[in-house]
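# Structural overview for review
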Amino acid sequence: MNAESRAGSGFSVIDPPEDGAPGLVLKPGFERVARCWVCGGVRLSRYYECRMDFSEYVEQDPELHQYTGQHVWLVRCAGCGFGQPEALPTLPNFFDRMYDQRWSDAWVQQEFSATYKDLIFDAILNELANRIPPARHRLLDVGAHAGRFMHLAQVRGWTVEGIELNPRTAAYAQAHTGAHVHRVNAHTLALDGHRYDAVVLTDVLEHIPEPTRLLAALAALLEPGGIVAIKVPNGSAQWIKERWLARLTAHRMSLAENLVHVNQFTPRSLVRAVRDAGFRRVQVSAAAPELPAGNGVRGMLDGAVRRAMFAAASFPGAVHTPLALHLQAYGTKGQQ
Ligand SMILES: [Zn+2]
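Now for a look at the structure at hand. Worth saying up front: this structure is predicted, and the values here are computed from it rather than measured.

Criteria and thresholds
- Residues numbered from 1 in each chain as written.
- Predicted model: local features only at pLDDT ≥ 70, side-chain atom pairs only at ≥ 80, totals over all residues.
- Heavy atoms only, no water.
- Helix = DSSP H or I, 4+ residues; strand = E, 2+ residues; numbered from the N terminus.
- Rg over C-alpha atoms; globule rule 2.2 N^0.38 Å.
- Buried < 20%, exposed > 50% of the residue type's maximum accessible area, 1.4 Å probe, protein only.
- Areas by Shrake-Rupley, 256 points an atom, 1.4 Å probe, with all protein chains shown as cover.
- Lys, Arg positive; Asp, Glu negative; His and termini not counted.
- Charge placed at Lys NZ, Arg CZ, Asp CG, Glu CD.
- Arc of directions from axis to C-beta.
- Contact = heavy atoms within 4.5 Å.
- Polar contact = N/O pair within 3.5 Å; in protein donor to acceptor, adjacent residues only side chain to side chain.
- Donors = N, O, S within 2.8 Å, 3.2 Å for Na, K, Ca; no water.
- Tetrahedral: all angles 85-135°; square planar, octahedral: opposite > 155°, others 65-115°.
- Salt bridge = Lys/Arg side-chain N within 4 Å of Asp/Glu carboxyl O.
- Pairing = 2+ DSSP bridges.
- Axes fitted to C-alpha atoms, helices over the stretch in contact; angles between N-to-C directions.
- Phe/Tyr/Trp six-rings, centres within 6.5 Å; stacked < 30°, edge-to-face > 60°.
- Lys NZ or Arg CZ within 6 Å of the ring centre and 35° of its normal.

Within the chain, the secondary structure is distributed over 11 helices and 14 strands. Over its C-alpha atoms the chain spans a radius of gyration of 21 Å, differing by no more than 12% from the 20 Å that the globule rule assigns to 336 residues. Viewed in the frame of its principal axes, the chain has a C-alpha envelope of about 65 × 55 × 45 Å. Here the chain, with 336 residues, has 47% of them falling under the buried criterion. Roughly 16400 Å² of accessible area belongs to the chain as shown, and the carbon and sulfur atoms make up 53% of that amount. Both charge centroids of the chain, one from 34 positive and one from 33 negative side chains, sit 7 Å from each other.

Take helix H6 (residues 167–177) next. Residues of H6 that are buried include every one of Thr 169, Ala 170, Tyr 172, Ala 173 and Thr 177, and no others. Seen end-on, H6 carries its buried residues on one side only, within an arc spanning 165°. Where the residues of H6 are buried, they touch helix H3 (105–113), helix H5 (148–155) and strand E10 (181–182). The residue sitting at the N-terminus of H6 and contributing the capping side-chain oxygen is Asn 166; that oxygen lies 3.0 Å from the backbone nitrogen of Arg 168. One or two residues past the end of H6 sits Gly 178, with phi positive at roughly 70°.

In this section: the environment of Gln 283. Residue position: Gln 283 is located in strand E13 (residues 279–286). Sequence spacing of Gln 283 and Val 271 is 12 residues, and the spatial spacing of their C-alpha atoms is 7.0 Å. When neighbours within four sequence positions are excluded, Gln 283 is seen to be in contact with Arg 131, Gln 328, Ala 329 and Tyr 330.

This part takes up the coordination of the zinc ion. The protein atoms donating to the zinc ion are Cys 36 (SG), Cys 39 (SG), Cys 77 (SG) and Cys 80 (SG), with metal-donor distances spanning 2.3 Å. Each of the four donor atoms around the zinc ion contributes to a set of angles spanning 97 to 118°, which defines the coordination as tetrahedral. All donors to the zinc ion come from one chain, and their sequence spacing reads C-x2-C-x37-C-x2-C. Of this pair, Cys 39 sits in the loop between strand E3 (30–32) and strand E4 (44–51) while Cys 80 sits in the loop between strand E5 (71–77) and strand E6 (83–85); the two residues are 41 residues apart in sequence, bridging distant segments of the chain.

This paragraph deals with the pattern of salt bridges. Opposite charge on two side chains permits pairing when their charged atoms draw close. Summed over all chains, the structure comprises 16 salt bridges. With a closest N to O distance of 2.8 Å, Glu 86 and Arg 46 form a salt bridge. On the criterion of sequence distance, the pair formed by Glu 86 in the loop between E6 and strand E7 (87–89) and Arg 46 in strand E4 is long-range, its members being 40 residues apart. As a salt-bridge pair, Arg 148 and Asp 118 come within 2.7 Å of each other at their nearest N and O atoms.

Now for the side chain of Thr 169. With respect to the element layout, Thr 169 can be found in helix H6. Setting aside its immediate chain neighbours within four residues, Thr 169 contacts Trp 103, Val 108, His 145, Ala 146 and Glu 164.

Strand order in the open sheet formed by three strands is E4-E5-E6, and the pairing between neighbours is antiparallel. Here the strands that pair on one side only, and so sit at the sheet edges, are E4 and E6. Along the sheet, successive strands turn relative to each other by an average axial angle of 30°, direction set aside. Of the pairings in the sheet, the one linking E5 to E6 comprises three bridges and is antiparallel in character. Bridged to Val 75 within E6 is Gln 84.

Moving on: the side chain of Asn 258. Relative to the assigned elements, Asn 258 resides in the loop between helix H9 (235–248) and helix H10 (267–276). Ignoring anything within four residues of it in the chain, the contact list for Asn 258 reads Arg 51, Met 52, Asp 53, Phe 54, Phe 94 and Met 98.

Let us look at the packing of aromatic side chains. For any pair of aromatic rings, the description consists of the separation of the ring centres together with the inter-plane angle of the planes. In the structure shown here, the tally under the stated rule is 10 aromatic pairs. Ring plane angle 85° and centroid distance 5.4 Å describe the contact between Phe 30 and Tyr 67, whose orientation is recorded as edge-to-face. Here the residue Phe 30 occupies a position in strand E3, and Tyr 67 occupies one in the loop between helix H1 (62–65) and E5, the gap between them amounting to 37 residues. One aromatic cluster is present, formed by Phe 30, Phe 54, Tyr 57, Tyr 67, Phe 94 and Phe 95 through successive ring pairs. It is Arg 76 that lies over the ring of Tyr 47; its NZ or CZ is 4.0 Å from the centre. The ring of Trp 244 has Arg 247 sitting right over it, with the charged end atom 5.1 Å from the ring centre.

Taken by themselves, the reported measurements are silent on function.
Below, the structure is given as structure tokens:
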């Protein structure tokens, strides 16, 4: 038994695993994640304690709300640099319940029209057009949200489909693109025999526990020679940014509260995860920034700072610096 005990605190103590990884004091309602989701390593050290606050769900989901006030450590893998939670809630379908957001129709409509991600979307479509001949332009957007990326791809001549599990955004995306938006996960779609020339995940992979399982399903969805395009936050750069903001201003650190960003990729661990899923010629670079519609001088300044940081992060080697707040990866499915 691990020696650590906290009498009367409601904590339970579990035995260390046989492979020599340290034991862990677990709170009720959590189960341990013993191995790195990317490389399988067991040398995991704590570096950030996430807060959980589900007060908004007090009526909608009282069981989820019970996690309010709990904390979960993020741990970093010594083998590959990937960051992930030390433990996960045992509440069945925890992540599905957390993402069961009942957005208003007006908000969904606004998300379809909003241009704040267009710099990212245009960069992805440019790169895919460079890598895939026009005769093979069938694209799947995983996590299609309200359908804006599907729409922009259609404008450029792509035949598109989407995956979106949220019923409101899925219905909106399908109605406003006329394209099929699947309400099943990537594994099911692959088993049903669907195949594409490009599969795109933008701001999705950081939300899915055990991300290598999803990456393997994406490989199954692609034709040989097809391209996967993945955009995620750079976990290590975001951590450094948040620490500096908290030191210099009244800002409160926020990295993966409620385990929303359950995966904290670094350039190295992202390359490894994509490569291990069966992709070749894997490349990672700084991703283009979001440009929120700001008002007046402040909004213009904010946009200028984001563009300048992206330009600096695009220099050779700079993807490994804190300037690269977001990562864009591409990989090619092998020919076998
Ligand atoms: Zn690892």
